[in-house]
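One-letter residues, chain by chain:
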Amino acid sequence: GAPEAFTQSVVELAHAIHGLQPAPGFDAVLLPGERGARTEAQRTAGGIPLASGTAKRLAELASRLGVTVPAALA
């Protein structure tokens, strides 16, 4: 088929999938890769979350190695 018709079919399918009722406990029905893209955008904007114990161990190791500890870990 024509590439334009295929593209339109994919767009329509995506809209149909996004219009489905999500399972209990979920906000939306997502396509493959959408959850990862959302997570990437959130972490690009706000950083990667670290458990407090991990942040503490990284800060201690940095101090022992003479590496400046970023304010976020201090």
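Note that residues are indexed from 1 along each chain, following the sequence as it is written. Local features in this predicted model are restricted to residues of pLDDT 70 or higher, and side-chain atom pairs are both shown and tallied only at a pLDDT of 80 or more, whereas totals for entire chains, interfaces and linings draw on every residue. Note that the side-chain values use all heavy atoms of the structure and ignore hydrogens as well as water.

A run of H or I in DSSP becomes a helix once it reaches four residues, and a run of E becomes a strand once it reaches two; helices and strands are each numbered from the N terminus. A tally of helices and strands in the protein chain yields three helices and zero strands. In this treatment the radius of gyration is a C-alpha quantity, and the globule benchmark scales as 2.2 Å times the residue count to the 0.38 power. Relative to the 2.2 N^0.38 estimate, which gives 11 Å for 74 residues, the radius of gyration of the protein chain is 21 Å and therefore markedly larger than a compact globule would have. Looking at the 74 residues of the protein chain, the share that counts as buried comes to 7%. Only the protein chains shown count as covering a residue, and every accessible area follows the Shrake-Rupley method with a 1.4 Å probe. A total of about 6,300 Å² of accessible surface is found on the protein chain, and carbon and sulfur atoms cover 61% of it. Averaged over its 6 positive side-chain charges, the protein chain has a centre that lies 21 Å from the centre of its 6 negative ones. When accessible area is computed with a 1.4 Å probe and restricted to protein chains, residues below 20% of their type maximum are described as buried, those above 50% as exposed, and intermediate ones as partly exposed. Here Asp and Glu are counted as negative and Lys and Arg as positive; His is not counted, and neither are the chain ends. Lys charges are placed at NZ, Arg charges at CZ, Asp charges at CG and Glu charges at CD.

Together, L61, L65 and V67 line one region of the surface with nonpolar side chains, adding up to about 280 Å² of accessible area. In this structure, L61 sits in helix α3 (residues 52-64). Only residues whose relative accessible area exceeds 30% and that take part in no salt bridge are eligible for patches, with like-charged residues grouped when within 9 Å of each other and nonpolar side chains (Val, Leu, Ile, Met, Phe, Trp, Tyr) grouped when within 5 Å. What makes a salt bridge here is a side-chain nitrogen of Lys or Arg within 4 Å of a carboxyl oxygen of Asp or Glu, nothing more.

This part is about helix α2 (residues 34-46). Between the first and last residue of a helix there are one fewer steps than residues, each counted as 1.5 Å, and that sum is the expected span. For α2, spanning 13 residues, the distance from its first C-alpha to its last is 18 Å, which sits close to the expected 18 Å at 1.5 Å a residue. Where α2 terminates, the next one or two residues include G47, which has phi positive at roughly 90°.

Quick look at the confidence of the model for the protein chain now. Values of pLDDT, the confidence the predictor places in each residue, fall between 0 and 100. Per-residue confidence for the protein chain gives a mean pLDDT of 94, with 99% of residues at or over 70. Mean pLDDT across the secondary structure elements of the protein chain bottoms out at α3, with 91, and peaks at helix α1 (residues 3-18), with 97.

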